[in-house]
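# Examination of the molecular architecture
Below, each chain spelled out in residue letters.
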Amino acid sequence: MKNVKKLLALLLAVAMVFGLLACTGTTPTDDTKATEKATEKATEKATEKATEKATEKETEKADDGKEDETEPEGELTPYEQAIADRRAEYEKTGQYQKVVYAMYTWIGKPAGTERIQEALNEILREKLCLEVELLVLDFASYRQSIQLNLTNNDEQVDWFGGNALGYTSCCNNGFCYNLEEDDLIQTYGPGICELISENYRDACRFNGELTGIPPMKDIAIMCGAMMIGKEYLDAIGYEYTENENQEVPTTWDEIENIFTQLHEKFPDKYVFAVGGNQFGQGSIVDNIGGDWFGVLLDPTKDTEVVNLFESEEWMTMVKRMYDWNQNKGFMSADALTDTTSISAKCKSGQYMAMLSQSKPGYKSQISGECGREMIVFTVGQPIVKSSGVSNVISCLNQASPDPIAAMQFMNEMYTDAELSTLLVWGQEGTDYVYTDDGHITFPDGVDAQNAEWYHTMNWSLPNQYLAPVWVGDPLDLGAKTMEFNNSAPTSLAMGFTFDNTEYTAEYAALQSAYDEYANQLLYGFLDPETGTAEFNEKLRAAGLDEYIAEKQKQLDAFFAAK
Amino acid sequence: MFTKQEKIFQTVSHIVLAILAINALLPMILLFMSSITDDNVLIKEGYKFIPKKFSLYAYEYVFKTGPAVPKAYLISVILTVSGVVLSLLITTPMAYALSKKYVLGRGFLNFYVFFTMLFNGGLVPTYMNYTNVIGIKNTFFGLLLPGLVTNGMYIMLMKSYFVTSIPDEIMEAARIDGASEFKVFRTIAIPLAKPIITTIGLFAGIGYWNDWQNGYVYLTKRDDLYSIQNLLNRMVQNIQYLSANSQNVANADIGLASIPTVSIRMSMAVLGILPMLIAYPFAQKAFVKGITLGGVKG
Amino acid sequence: MAPQIQTGTYAKKGKLGKRFVRSIPFYLMALPAIAYLFINNYMPLPGLVLAFKNFNAKKGIYGSDWAGFKNFKYLFATGEAYTITRNTLLYNFAFIIINTILAIFVAILLSEMRSKFKSVYQSLILLPYMISMVIVSYLVFAFLSTENGFLNNTVLKFFGKSPIPWYSEKKYWPFILVLVSCWKVIGYNCIIYLSTILGIDRTFYEAAAIDGAGKIKQITKITLPLLKPTIIMMTLLAIGRIFYSDFGLFYQVPQNQGALFPVTNTIDTYVYRGLIQNGKPALSAAAGLYQSFVGFVLILSANLIVRKIDADSALF
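Only a predicted model underlies this, so the values are computations on that prediction, with no experimental measurement involved.

A word on the overall build of chain B. Tallying secondary structure elements over chain B gives 15 helices and 0 strands in all. The C-alpha atoms of chain B give a radius of gyration of 24 Å, which is well past the 19 Å a tight globule of 298 residues would have. A burial count over chain B gives 60% of its 298 residues as buried. Across chain B, the fraction of contacts at a sequence separation of at least 24, relative to all contacts at a separation of at least 6, is 72%. Element-wise, carbon and sulfur atoms account for 69% of the exposed surface of chain B, whose accessible area totals about 11,700 Å². Positive and negative charge centroids in chain B, built from 24 and 14 side chains respectively, lie 2 Å apart.

Another aspect to go through is the overall build of chain A. Scanning chain A from N- to C-terminus turns up 25 helices and 14 strands. Across the 562 residues that make up chain A, the buried fraction comes to 62%. When the accessible surface of chain A is totalled, it reaches about 20,700 Å², and 48% of it is carbon and sulfur.

As a further point, take the environment of Ser 243 of chain B. All names here are of chain B. Along the chain, Ser 243 falls in helix α13 (residues 228–244). With a relative accessible area of 11%, Ser 243 lands in the buried category. In this structure, the C-alpha to C-alpha distance between Ser 243 and Ile 259, residues 16 residues apart in sequence, is 9.6 Å.

In this section: the interface of chain C and chain A. Accessible area lost upon the coming together of the parts serves often as the stated size of an interface. The partner chain A presents 37 residues to the 33 residues of chain C that form the contact. Taken together, the two surfaces of chain C and chain A that pack against each other cover about 3,000 Å², and 49% of this comes from carbon and sulfur. Counting across the interface, chain C meets chain A through 3 salt bridges. Arg 273 of chain C is paired through a salt bridge with Asp 515 of chain A; the nearest N and O atoms lie 3.6 Å apart.

A few words on the pairing of strand β10 (residues 374–378) of chain A. Residue and element names in this part refer to chain A. Of all 5 residues making up β10, 5 are buried, and the element is well covered by its neighbours. Direction of pairing for strand β6 (residues 221–229) relative to β10: antiparallel, over a ladder of 5 bridges. Residue Met 226 lies in a different strand from β10, and its bridge partner there is Phe 377. Across 3 bridges, the pairing between strand β7 (residues 247–249) and β10 is parallel. Each bridged residue has a counterpart across the sheet, and for Glu 247 the counterpart in β10 is Val 376.

Once that is clear, we can look at the environment of Leu 102 of chain C. Assignment of secondary structure puts Leu 102 of chain C in helix α4 (residues 80–112). Among residues more than four places away in sequence, those in contact with Leu 102 of chain C are Cys 182 and Ile 186 of chain C.

So, about the nonpolar core. Counting residues in each nonpolar core, the largest one holds 360 residues, and the members touching the most others are Trp 159, Phe 160, Met 226, Phe 259 and Phe 272 of chain A. Ranked by residues supplied to this core, first place goes to helix α8 (residues 173–198) of chain C with 14 residues. Counting 13 residues, the second-largest nonpolar core is a separate cluster that includes Ala 225, Ile 342, Met 354 and Tyr 362 of chain A.

Before going further, it helps to examine unusual backbone geometry. Residues and elements named next belong to chain A. Unusually for a residue other than glycine, Gln 246 sits at a positive phi of about 60°. When you line up the elements, Gln 246 lands in the loop between α13 (230–235) and β7. Overall, the relative accessible area of 36% leaves Gln 246 in the partly exposed class.

A grouping of Glu 181, Asp 182, Asp 183 and Glu 209 of chain A is seen on the molecular surface, where their side chains present a negatively charged patch. Looking at the element boundaries, Asp 183 of chain A is found in the loop between α9 (167–172) and α10 (184–188).

A few words now on the confidence of the model for chain B. All names here are of chain B. For chain B, per-residue confidence averages 84 on the pLDDT scale, and 91% of positions sit at 70 or higher. Mean pLDDT across the elements of chain B ranges from a minimum in helix α14 (residues 252–256), with 58, to a maximum in helix α4 (residues 69–99), with 92. The complex prediction reports pTM at 0.85, with the ipTM value standing at 0.88.

Attention shifts here to the packing of aromatic side chains. The geometry of an aromatic ring pair is captured by the separation of the ring centres together with the interplanar angle, meaning the angle of the planes. For the structure shown, the criterion picks out 78 aromatic pairs over all chains. Seen in terms of ring centroids, Trp 425 of chain A and Tyr 454 of chain A are 6.4 Å apart; in terms of plane orientation they differ by 20°. Their pairing is stacked. One end of the pair, Trp 425 of chain A, is in helix α21 (residues 417–425); the other, Tyr 454 of chain A, is in the loop between β14 (440–441) and α22 (477–487), and 29 residues separate them in sequence. In this pair, the class of Trp 425 of chain A matches that of Tyr 454 of chain A, namely buried. Judged by centre distance (4.8 Å) and plane angle (80°), the ring pair of Phe 76 of chain C and Tyr 290 of chain C falls under edge-to-face. Taken together, the residues span a long stretch of sequence, with Phe 76 of chain C in helix α3 (residues 73–76) and Tyr 290 of chain C in helix α14 (residues 281–309) at a distance of 214 residues. Here Tyr 290 of chain C falls in the buried class, since its relative accessible area comes to 15%. Ring pairs connect the aromatic residues Phe 279, Trp 292, Phe 293, Phe 309, Trp 314, Phe 498, Tyr 503, Tyr 507, Tyr 514, Tyr 517, Phe 535 and Tyr 547 of chain A, which therefore count as one cluster. Above the face of the Tyr 351 of chain A ring, Lys 345 of chain A is positioned so that its terminal group lies 5.4 Å from the ring centre. For the cation-ring pair, Arg 241 of chain C lies above Tyr 244 of chain C, with the distance from its terminal atom to the ring centre recorded as 4.1 Å.

On average, residues of chain A score 84 in pLDDT, and 87% of them are at 70 or above. Low pLDDT (under 50) marks residues 4–72 of chain A, which in the prediction has 74 contacts with non-local residues, meaning those over four places away or in another chain.

Attention now moves to the interface of chain C and chain B. Contacts between chain C and chain B engage 94 residues on the former and 98 residues on the latter. Interface area for chain C against chain B, summed over the two sides, is near 8,900 Å², with a carbon-plus-sulfur share of 74%. On the surface where chain C and chain B come into contact, there are 2 salt bridges. Residues Glu 6 of chain B and Lys 215 of chain C are paired through a salt bridge, measuring 3.0 Å at the closest nitrogen-oxygen approach. Counting across the chain C and chain B interface gives 18 residue pairs in polar contact (both at pLDDT 80 or more). Those elements giving two or more residues to the side of chain C that touches chain B turn out to be α1 (16–42), α4, α5 (118–126), α6 (133–144), α7 (150–158), α8, α10 (215–240) and α14 of chain C. For the side of chain C that touches chain B, the element with the highest residue contribution is α1 of chain C, accounting for 21 residues. Class assignment for the residues of the side of chain C that touches chain B results in 66 nonpolar, 20 polar and 8 charged.

Turning to the pattern of salt bridges, a few remarks are in order. Between side chains of opposite charge, pairing is possible as soon as their charged atoms come close. The tally for this structure, following the rule as stated, stands at 48 salt bridges over all chains. Linking Glu 180 of chain A and Arg 205 of chain A is a salt bridge whose minimum nitrogen-to-oxygen distance equals 2.6 Å. Residue Glu 180 of chain A is found in the loop between α9 and α10, and its partner Arg 205 of chain A is found in strand β4 (residues 205–206); the two are separated by 25 residues along the sequence. A single burial state applies to Glu 180 of chain A and to Arg 205 of chain A, both of which are buried. In this structure, Lys 215 of chain C and Glu 112 of chain C form a salt bridge, with 2.8 Å as the shortest nitrogen-oxygen distance. Of this pair, Lys 215 of chain C sits in helix α10 while Glu 112 of chain C is found in helix α4, placing the two residues 103 residues apart along the sequence. Connected through salt bridges with shared partners, the residues Lys 98, Glu 133, Asp 154 and Glu 155 of chain A together with Lys 137 and Lys 221 of chain B form a single ionic network.

Angle between the axes and distance between the axes are the two parameters that describe a pair of packed helices. Residues and elements named next belong to chain A. Relative orientation of the contacting elements helix α6 (residues 113–128) and α21 amounts to 170°, with a least axis distance of 9 Å. By the angle class used here, α6 and α21 are roughly antiparallel. Where α6 abuts α21, its residues Ile 116, Ala 119, Leu 120, Ile 123 and Leu 124 lie against Glu 418, Leu 419, Leu 422 and Leu 423. Tallied by class, the residues present in the contact of α6 with α21 amount to 8 nonpolar, no polar and 1 charged.

Turning next to the packing of α4 of chain B against helix α10 (residues 181–192) of chain B. All names here are of chain B. Viewed as axis vectors pointing N to C, α4 and α10 meet at an angle of 95°, and their least axial separation amounts to 12 Å. Classified by the angle their axes make, α4 and α10 are roughly perpendicular. Every residue of α10 that contacts α4 at Thr 92, Pro 93 and Tyr 96 is listed here: Val 184, Phe 185 and Ala 189.

Parameters and conventions
Residues numbered from 1 in each chain as written. Chains lettered and ligands numbered in written order. Predicted model: local features only at pLDDT ≥ 70, side-chain atom pairs only at ≥ 80, totals over all residues. Heavy atoms only, no water. Helix = DSSP H or I, 4+ residues; strand = E, 2+ residues; numbered from the N terminus. Rg over C-alpha atoms; globule rule 2.2 N^0.38 Å. Buried < 20%, exposed > 50% of the residue type's maximum accessible area, 1.4 Å probe, protein only. Contact = heavy atoms within 4.5 Å. Areas by Shrake-Rupley, 256 points an atom, 1.4 Å probe, with all protein chains shown as cover. Lys, Arg positive; Asp, Glu negative; His and termini not counted. Charge placed at Lys NZ, Arg CZ, Asp CG, Glu CD. Buried area = accessible area lost by both parts, 1.4 Å probe. Salt bridge = Lys/Arg side-chain N within 4 Å of Asp/Glu carboxyl O. Pairing = 2+ DSSP bridges. Core = buried A, V, L, I, M, F, W, Y, C linked by side-chain atoms within 4.5 Å. Patch = residues over 30% accessible without salt bridge, like charges linked within 9 Å, V, L, I, M, F, W, Y side chains within 5 Å. pLDDT = per-residue confidence, 0-100. Phe/Tyr/Trp six-rings, centres within 6.5 Å; stacked < 30°, edge-to-face > 60°. Lys NZ or Arg CZ within 6 Å of the ring centre and 35° of its normal. Polar contact = N/O pair within 3.5 Å; in protein donor to acceptor, adjacent residues only side chain to side chain. Nonpolar A, V, L, I, M, F, W, Y, C, P; charged D, E, K, R; others polar. Axes fitted to C-alpha atoms, helices over the stretch in contact; angles between N-to-C directions. Parallel < 35°, antiparallel > 145°, perpendicular 65-115°, else oblique.

Laid out in C-alpha cells, this is it:
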C-alpha cells in the first residue's frame with residue numbers, strides 16, 4: 001500500500017519533469033518512453049503488452065528511416081513545433097489554447113468535474129501548453145445537445161462521442177473531421193496510431209475517410225453467451241467446469257437440456273428472459289453496414305452478401321425459439337411487451353437465464369447486475385466485426401478551432417497513465433484509494449451515490465487500461481482484453497461501412513418490416529415457416545433485393561480497393 | 001326548488017361524471033401504488049392495486065441521488081408562475097384586438113397567428129435563432145421563451161371567446177363615457193373573460209410545469225437550472241439507458257444493483273404531478289382573485 | 001328568442017383612415033404577440049429549406065447542396081405509404097368526432113351541475129392529461145399484460161373467460177387507442193368548451209326557464225348554438241393537424257409491437273423507425289413539411305367552406 005503511494009509520487013515527479021521537457025523540446029521518442037516507464041509501473045502487466053508492441057513498432061519505423069524519428073537533435077519535430085508554437089502564442093496572449101472534450105455519463109455532470117479538469121490542466125499546461133474543458137452531459141441530453149451544437153457550432157466542441165449520436169449519422173451529416181487530413185493523426189497522434197492498429201482504424205473509415213477512433217476496450221465479442229443463475233443449477237444438481245475465462249463452453253442442445261430440467265424444478269419461474277436483439281447476440285453473422293438487410297453468414301470465410309432471413313441459421317434459431325416458447329414454456333407470454341431489462345428480470349428472481357455476449361471479466365459484472373452468481377455458458381465463438389470497433393468511437397468536430405491541439409491532447413490521453421487515471425477514476429485519496437492487493441476502491445465514507453467522480457464510463461474514455469483496476473475486476477483485465485481482441489478471428493468485411501444515402505426510402509420500409517416481424521419470430525411468437533415467409537415477402541416488396549445488391553456492390557469495391 | 005326534470009338531470013350528471021372521474025382516478029391510484037411497491041415484486045407480479053411488498057426505496061433513491069430536487073421544484077414553480085403571467089400578458093391583448101371586427105388588417109393578423117400553428121422552422125433552425133440571434137442559451141430564458149405562446153391556439157381560443165361571449169354594447173357604452181380602449185379592455189373585457197383566462201392560464205401552467213425538452217436543448221452547461229421535470233426525466237432516461245447498455249458499462253453492477261429500475265419510473269411520475277395537484281386549487285383561487293383585482297384597479 | 005352573436009357599433013364600417021386611427025390602440029395591444037411570434041416562429045422559417053437540402057455540417061444549412069425532392073421520397077416510395085397515411089387519417093377523424101362530442105357532453109354536464117362536487121369532477125377528469133404518454137403506456141400495460149394484466153387476471157377470470165394476448169391481437173387496438181386518447185384528452189377539451197359555456201349570459205337561461213323551456217331544450221336552443229363557433233374552430237384546428245399523430249400514443253402505448261403495426265403504424269412512427277439509425281435532420285424536416293403542408297391545404301379549403309356557410313365562425 002505504502003509502496004504504491006511512494007511509487008505514484010515518484011511517477012508524478014517523473015512525469016512532471018518529462019512533461020516540462022516535452023514542452024520545451026525533447027523528441028517524441030523520449031516522450032513516449034517516459035510514458036512507457038510510467039505506465040509499466042502504474043499498471044504493471046495490464047499495458048505491458050500494448051506498450052511492448054508500441055516499442056517494437058517504433059523500432060521498425062526507425063529502421064524504415066522515417067524522417068521524424070531520426071531527425072537530428074536540436075531541430076524540432078512537427079509534434080514539438082506545434083507545442084512550441086502554442087507556447088509562443090501563450091506568451092503573447094496569456095491564454096492557453098482550449099480543447100473541449102464532450103463526455104457522456106449516465107449521472108450528468110459529476111460534482112468533481114471542475115476539480116478533475118483543473119488536475120488535468122495542471123499537467124496539460126506544462127506538457128502540451130493547452131487546457132482542456134470537460135463538457136459532461138448525460139445520455140438523456142447528450143445526443144440532442146451535441147448534435148445541435150455540431151450543426152450550429154455556437155459553443156466550442158472538439159472531441160465528441162460519435163456513437164452516442166449514431167456514428168453513421170455523424171458521418172452522413174458531415175460532423176466529423178477527417179483525422180488523416182494532412183496526416184494529422186500520423187503526425188500529432190503517434191501514440192494513438194501505435195495503440196489502435198491499422199486494422200482497427202480501417203474499421204472506422206467512412207467513405208475512405210478516417211472519421212473517428214475507438215478507445216482501448218474489448219473489441220472482440222464472444223457471441224452466444226447464456227447466463228444461468230448458479231443457485232438454480234445447484235438445485236438441479238447440474239455439473240459444469242469453468243475454463244480460465246470463467247466460461248463454460250457448451251451447445252444449444254445442452255442448454256435446452258438444462259432449461260428443461262430447470263423448468264421441471266421451478267415451474268413457477270420463467271426459465272429464459274429474452275430481450276434485445278436475440279439473433280445478434282447469439283451468432284457470428286456479421287450485419288455489415290450496421291443493419292440486418294444483407295449479411296455475411298460466415299464472415300471469416302465468405303464474402304457473399306445474402307438475405308439472413310432466408311438462411312438456415314435464421315430458421316434454426318427461430319424454430320428453436322418457437323419450440324422453447326410455445327411447446328416447452330420457457331418464456332413469459334409477455335416477453336414481447338415487457339421492456340424491463342433482462343438483467344433486472346433475473347435480479348427479480350422470477351427469471352433464471354438470459355442471453356448476451358461475453359468478454360473477459362463479464363462473469364463478475366453480470367453477477368453483480370443480476371444480484372446473484374451467474375454461470376456463463378458459451379455456445380458461440382469470439383469474433384471481431386467492424387461494429388465491435390466502431391460502436392464506441394471518438395470523433396473530432398470538423399469545426400474544431402485547432403485540430404492539431406485537439407489531436408495532441410487525445411494522443412496524451414491514450415498514452416499518459418496519469419492523465420488517463422485522472423479521467424477514469426479521479427484523484428487518489430479523494431476519489432479512490434489503493435487496497436492491499438493493488439486494486440483501487442472508494443475511500444472511507446464515499447460510495448457510488450455520493451462519489452464526486454465515479455462515472456463508470458471507462459469504456460468510452462481513450463485508454464482505461466492505463467488506469468488502476470477497480471475492486472472486482474482481475475488485475476490483468478487490460479492484458480486479458482487485449483489478448484481476447486487479438487486472438488479472435490476477424491470478419492473479412494472488417495473496415496467496411498455501407499453508405500445508404502441513396503437508399504433511404506428502401507431502408508425506412510425495410511426497417512419497418514423488420515420491426516414488425518423480427519422480434520415476433522425471434523421470441524417465438526410467430527410460426528417459423530409461415531412467419532418467415534411473410535416477413536420475406538414484405539422485405540422483398542420494400543426493396544430488399546436492390547438493397548442487398550447495392551451492399552454487395554459497395555463491398556466488392558471495398559475489397560478491390562484493399 | 002328543482003323541477004323534476006332538473007332533478008333527473010342532476011342525478012344522471014352525477015352518475016356519468018362519477019364514472020368518468022373514477023376512470024381517470026383508478027389508473028392514477030395504480031400509478032401511485034406501483035411507485036411504493038418493491039421493485040422485484042413489481043417485475044415478478046406486475047402492477048397491482050395492493051402490492052405484496054411495500055417499499056419507499058424508489059423515492060429514497062430519487063432524493064438521495066438528486067440533491068438538486070428541492071431546488072428544481074423551486075425553479076419549476078418560478079418558471080410556471082412567470083410563464084403563465086407572461087403568456088397571458090401576451091395572449092390576452094392580442095386576442096382582444098383580433099376580436100374587434102373593425103380593426104384594419106384583422107384578416108391579415110388572423111392569418112399571421114394561424115400560420116404559426118401549422119408551420120415552424122423545425123428544431124434546428126429554431127435553436128439556431130434562439131442561440132445565435134437572441135442568445136438565450138444557458139439562461140433561465142431558455143426555459144421560458146421558447147414555449148411562451150405554445151401555439152396560436154390560445155390566441156384563437158381567447159379571440160373566439162371575446163367574440164361570442166362579451167357583448168360589444170357594454171364596451172361601446174364605456175367608450176361613449178370617455179374611457180380609452182385600454183381602459184375598456186382592462187376594466188370590462190378582462191373581468192368578463194375570467195373563465196377563458198383561467199383556462200388558458202391553466203393550460204399554459206400545465207405546459208410549463210411538464211416541459212422538459214427546452215432544458216435539454218438550451219441548458220447544456222447549466223443543469224443547475226433544470227426544472228423538476230427536466231431532472232426527473234433525465235434520471236429515468238439515464239437509468240433506462242444504463243440498463244439497456246449495461247454490457248458496455250464498466251462496473252454497471254455497482255450502480256444497477258441499487259437502482260429500482262421499474263418502480264422509479266412510477267415514483268418519478270408521481271413526484272412530477274403530485275405538487276401540481278396539491279397546488280392547483282389554491283393557485284386557481286389566487287389566480288381568479290388576481291384577475292378580478294387587476295380588472296378593478298385598472 | 002335565439003341569442004344573437006353581437007355585431008353592434010364596433011362593426012366593420014367607416015372610412016379607411018378613420019378605421020386605421022381607431023385601430024391604433026389595438027395594434028399596440030397586438031404588438032407583443034406579433035413581436036413574439038415573429039421571433040419564435042417566423043425568424044426560423046427560412047430553415048424550412050433544410051427539407052430540400054443535402055445537409056452537410058461543413059457547409060451549413062444554407063450552403064449545403066440542393067437535393068430537390070429527394071428527401072421526401074421515403075415518405076411515398078413504398079407500399080407502407082398507403083397504410084400509414086390511412087391509419088393517420090382514420091384515427092384523426094375518429095378522434096375529432098368522438099373526442100369533440102364527448103368533451104361537449106361532459107362540459108355541458110359540468111356546467112349544469114349544481115353541487116360542490118363540480119370542481120372535484122373537473123379536476124379528476126383533467127388528471128390524465130397531466131401525465132406523459134410513456135407513463136400512460138405502463139398503465140395500459142398494467143391493464144393489458146397477458147400474464148399479470150388486470151383485465152386477464154381479474155375481469156376475464158371473473159367472467160370465466162380465457163385470457164387474451166392483447167398485444168398480439170390487432171383487432172382490439174383501434175378501440176383501445178381511441179379509448180386511451182379519449183381518456184387522456186377529454187378533460188382538456190372539455191375545459192375549453194366549459195369556459196365558453198361559462199361565458200354565456202345567464203339571463204338567456206333565466207328567460208328560457210320562465211318561458212317554460214326544460215333543461216334539454218335550454219341545452220339544444222341556447223348552449224349548443226353558442227358553442228358552435230368554438231366547435232368549428234377546434235375542428236378546423238384539428239383538421240390542420242390531421243397528418244400528424246401523437247407519437248407516444250401510437251409508439252409507446254402499443255409497446256412498439258410488430259403484430260399491431262397494420263393498425264398502429266402512422267406517419268410519425270414510420271418516420272421515427274426509418275430515422276433511428278440514420279438521424280438526418282433533413283429527412284425529418286421533409287416529413288414535417290409534408291405534414292404541415294397537407295394540413296395547411298386542408299384547413300384552407302375547410303375554412304373556405306365554413307366562410308361560405310357562416311362567415312363569423314371562419315378562422316380568418
